[in-house]
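# Architecture at a glance
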Amino acid sequence: MEYLDFELPIKELQDQLEKCQLIGEESDVDVTQTCKKIEKKLLETKKEIYKNLTAWQRVQMSRHPERPYTLDHIKALCGDSFLELHGDRNVKDDKAMIGGLGKIGDQSYMFIGQQKGFNTKTRQYRNFGMSNPEGYRKALRLMKSAEKFGIPVVTLIDTPGAYPGLEAEERGQGEAIARNILEMTRLKVPIITIIIGEGASGGALGIGVGNKVLMLENTWYSVISPESCSSILWRSWEYKEQAAEALKLTSPDMKRLKLIDEIIKEPLGGAHTDRAATFEAVKKAIEANYEALKNLSPKDLVNQRMDKYLEMGVYKG
């Protein structure tokens, strides 16, 4: 397992525990009590570190290379029932944006989300989770199909932002994201949005308008990344930790500001330390929120969604 810089005390204790267990296995020395003491210290250290995470440390957690991505979640939630759908019927199939039909129990959902890669080759293939305009147009096509057949939509957000390349701008990146935001506000089926990693800028908002918006505990959601904010304000990335604090981008900040509806608790140490528990928590959250929305009429769904966003922020006449 890879450890982040602030997790090094945990790594040291984990190494000590493994050595202690190895001594017990390879010799006649009884190390049971010693191992128990180390285990206790390890648990205490984990609790102490993870209950006091700074905003920047949560950003680091959201980017952990072993953190489950969108397809990991979908496969765990749907098993073999997931059918991926491709293409925007205009330009091409954007590999950074995936979507398709899947079932949780007996209920069908249209799943849509950004997909990152786990090594150099797949990161290039998935364009680092940064969608082009055709990715957002594919997402909208799938949402409209879901609306046609009365299927609820679940979006999983994990992106450092929409792709900022020249060709993306030529093909209408801004218009594609704006169109999605508009169309999602008036979609006549339930929309459940979950930030599972990074939620940056318009890249996240392009599939982020929902009746219910949830965040996994160690994720972030903001108009800009801490590094980019730092480079704009201080002309250097050195102030990214300061920027992260100022942006109020963590899940507790977002909940306190009433910009999201719910925080999904992660296992101690982050989603990557116990994937099964994370997937189960996400599954329960989807089922519970769908249960709360499924009996609303199409008109009520749209009104609830519109009211939710109209209540955000502060207006002074």
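In case you missed it, the structure is sitting above this.
### Quick notes on a nonpolar patch on the surface
A grouping of Ile232, Leu233, Trp234 and Tyr239 is seen on the molecular surface, where their side chains present a nonpolar patch of about 410 Å² in accessible area. As for its position among the elements, Ile232 is in helix H10 (residues 226–233). Owing to a relative accessible area of 57%, Ile232 belongs among the exposed residues under this scheme.

### Some words on unusual backbone geometry
Backbone geometry at Asn127 places phi at a positive 50°, although glycine is not the residue there. Within the secondary structure layout, Asn127 lies in the loop between helix H5 (120–125) and helix H6 (133–148). Judged by relative accessible area, which is 19%, Asn127 ranks as buried. Its identity is not glycine, yet Arg235 carries a phi of approximately 55°, on the positive side. Tracing the chain through its elements places Arg235 in the loop between H10 and helix H11 (240–247).

### With respect to the layout of surface pockets
A volume near 290 Å³ is recorded for the largest pocket. What lines the largest pocket is a set of 14 residues, among which Leu205, Tyr221, Ser222, Met254 and Leu259 lie closest to the centre. Looking at the lining of the largest pocket, the elements that each hand over two or more residues are helix H9 (201–205) and strand S7 (220–222). Counted by class, the lining of the largest pocket contains 10 nonpolar, three polar and one charged residues.

### Quick notes on the packing of H6 against helix H8 (residues 173–185)
In contact at an axis separation of 8 Å, H6 and H8 are set at 20° when each is read in the N-to-C sense. The angle between the axes of H6 and H8 places the two elements in the roughly parallel class. When the axes of H6 and H8 are compared, the crossing they make is left-handed. Two secondary-structure elements touch here, H6 through Pro133, Tyr136, Arg137, Ala139, Leu140, Met143 and Lys144 and H8 through Gln173, Glu175, Ala176, Ile177, Arg179, Asn180, Glu183 and Met184. Grouping the constituent residues of the contact of H6 with H8 by class yields eight nonpolar, two polar and five charged.

### A word on the pairing of strand S4 (residues 153–159)
Counting buried residues in S4 gives seven out of seven residues, a clear majority hidden from the surface. The alternating pattern of S4 places Val153, Thr155, Ile157 and Thr159 on one face and Val154, Leu156 and Asp158 on the opposite face, and all of these are buried. Bridge count for strand S3 (residues 107–114) against S4 is four bridges, and the pairing is parallel. Across the sheet, residue Ile112 finds its bridge partner in S4, namely Thr155. Both S4 and strand S5 (residues 191–200) contribute to a ladder of six bridges, which runs parallel. When the bridges of S5 are listed, Val153 appears paired with Ile191.

### Here we look at the nonpolar core
Within the largest apolar cluster, 27 residues are counted, with the highest numbers of intra-cluster contacts made by Met110, Ile112, Tyr136, Met143, Val153, Ile207 and Tyr221. Breaking this core down by element, the ones donating at least two residues are S3, H6, S4, H8, S5 and strand S6 (212–216). Here this core takes five residues from H6, the largest share from any one element. Residues within four places of Met143 in sequence aside, it is in contact with Ile112, Val153, Met184, Leu187 and Ile207. Formed by 23 residues, the second largest nonpolar core is a distinct cluster that contains Ile104, Ile196, Leu216 and Leu293.

Criteria and thresholds
Residues numbered from 1 in each chain as written. Predicted model: local features only at pLDDT ≥ 70, side-chain atom pairs only at ≥ 80, totals over all residues. Heavy atoms only, no water. Patch = residues over 30% accessible without salt bridge, like charges linked within 9 Å, V, L, I, M, F, W, Y side chains within 5 Å. Areas by Shrake-Rupley, 256 points an atom, 1.4 Å probe, with all protein chains shown as cover. Salt bridge = Lys/Arg side-chain N within 4 Å of Asp/Glu carboxyl O. Helix = DSSP H or I, 4+ residues; strand = E, 2+ residues; numbered from the N terminus. Buried < 20%, exposed > 50% of the residue type's maximum accessible area, 1.4 Å probe, protein only. 1 Å grid on protein atoms, 1.4 Å probe; cavity = no way out; pocket = protein on both sides within 12 Å on 5 of 7 lines; lining within 4 Å. Points joined across faces, edges and corners; volume = space filled by probe spheres on them. Nonpolar A, V, L, I, M, F, W, Y, C, P; charged D, E, K, R; others polar. Axes fitted to C-alpha atoms, helices over the stretch in contact; angles between N-to-C directions. Parallel < 35°, antiparallel > 145°, perpendicular 65-115°, else oblique. Left-handed = near helix turned anticlockwise from the far one by under 90°. Contact = heavy atoms within 4.5 Å. Pairing = 2+ DSSP bridges. Core = buried A, V, L, I, M, F, W, Y, C linked by side-chain atoms within 4.5 Å.

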